[in-house]
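Listed below are the residues making up each chain.
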Amino acid sequence: MSQTSKWHHYVPQGVLSQFCYEGTKFYYFSKRRPEEGVASRDISKKFRKRHYYSVTTLNGQRSDVLEREFLQVLDLQVC
C-alpha cells in the first residue's frame, strides 16, 4: 500500500511550471512578508496546504483518494 500524501497543492504544479525560469524555480513575492522581497522558490514548496484535499473515512483515518485518483490525473491532462 502506498503512503498517504500530506501536502496538496491548491494551485497545480503543472500550472506553476509554466512560470518557471529554470527547472522548477520561479520568482515569488509574499504580500504577508513584503520585507523578504522577490525571491526564487521551488514550485514543490509553494501554494500547498497540509491535507487540503484529504477526507476522513468511516473508520476515522485520513485518505488522499481525491488527490491521488482525481486531481493528479486532472493535473496531468490539463498541463
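A brief structural summary. (Residues numbered from 1 in each chain as written. Predicted model: local features only at pLDDT ≥ 70, side-chain atom pairs only at ≥ 80, totals over all residues. Heavy atoms only, no water.)

### Concerning the overall build of the protein
Consideration 1: Across its full length, the protein holds 2 helices and 6 strands.
Consideration 2: Reading the secondary structure of the protein in the N-to-C direction produces β-α-β-β-β-β-β-α.
Consideration 3: Buried residues in the protein amount to 20% of all 79 residues.
Consideration 4: In the protein, the proportion of contacts linking residues at least 24 apart, taken out of those at least 6 apart, comes to 53%.
Consideration 5: Element-wise, carbon and sulfur atoms account for 52% of the exposed surface of the protein, whose accessible area totals about 6300 Å². (Helix = DSSP H or I, 4+ residues; strand = E, 2+ residues; numbered from the N terminus. Buried < 20%, exposed > 50% of the residue type's maximum accessible area, 1.4 Å probe, protein only. Contact = heavy atoms within 4.5 Å. Areas by Shrake-Rupley, 256 points an atom, 1.4 Å probe, with all protein chains shown as cover.)

### Examining the pairing of strand 2 (residues 25-29)
Consideration 1: The side-chain alternation of strand 2 yields one buried face, formed by Phe26 and Tyr28, and one unburied face, formed by Lys25, Tyr27 and Phe29.
Consideration 2: In this structure, strand 2 lies alongside strand 3 (residues 38-42), joined through 5 bridges in antiparallel fashion. Each bridged residue has a counterpart across the sheet, and for Lys25 the counterpart in strand 3 is Asp42. (Pairing = 2+ DSSP bridges.)

### Section: unusual backbone geometry
Consideration 1: We note that Phe47 has phi near 55°; this positive angle belongs to a residue other than glycine.
Consideration 2: With respect to the helices and strands, Phe47 occurs in the loop between strand 3 and strand 4 (48-50).
Consideration 3: Classification of Phe47 by relative accessible area gives partly exposed; the value is 27%.

### A look at the side chain of Ser30
Consideration 1: Relative to the helices and strands, Ser30 resides in the loop between strand 2 and strand 3.
Consideration 2: Judged by its relative accessible area of 8%, Ser30 falls in the buried class.
Consideration 3: There is a polar contact of 3.3 Å between the side chain of Ser30 and the backbone nitrogen of Arg32.
Consideration 4: Polar side-chain contacts of Ser30 include one of 3.2 Å to the backbone nitrogen of Arg33. (Polar contact = N/O pair within 3.5 Å; in protein donor to acceptor, adjacent residues only side chain to side chain.)

### Observations concerning the packing of aromatic side chains
Consideration 1: With the rule as written, the count across this model stands at 7 aromatic pairs.
Consideration 2: Taken together, a centroid distance of 4.5 Å and an interplanar angle of 10° make the contact between Tyr21 and Tyr27 stacked.
Consideration 3: The exposed category is assigned to Tyr27, whose relative accessible area is 55%.
Consideration 4: Ring geometry for Tyr28 against Phe47: centres 5.9 Å apart, planes inclined by 75°, an arrangement best described as edge-to-face. Note that Tyr28 is positioned in strand 2 and Phe47 in the loop between strand 3 and strand 4, a separation of 19 residues in sequence.
Consideration 5: What makes Tyr28 buried here is its relative accessible area of 18%.
Consideration 6: An aromatic cluster is present here, built from Tyr10, Phe26, Tyr28, Phe47, Tyr52 and Tyr53 joined pairwise through their rings. (Phe/Tyr/Trp six-rings, centres within 6.5 Å; stacked < 30°, edge-to-face > 60°.)

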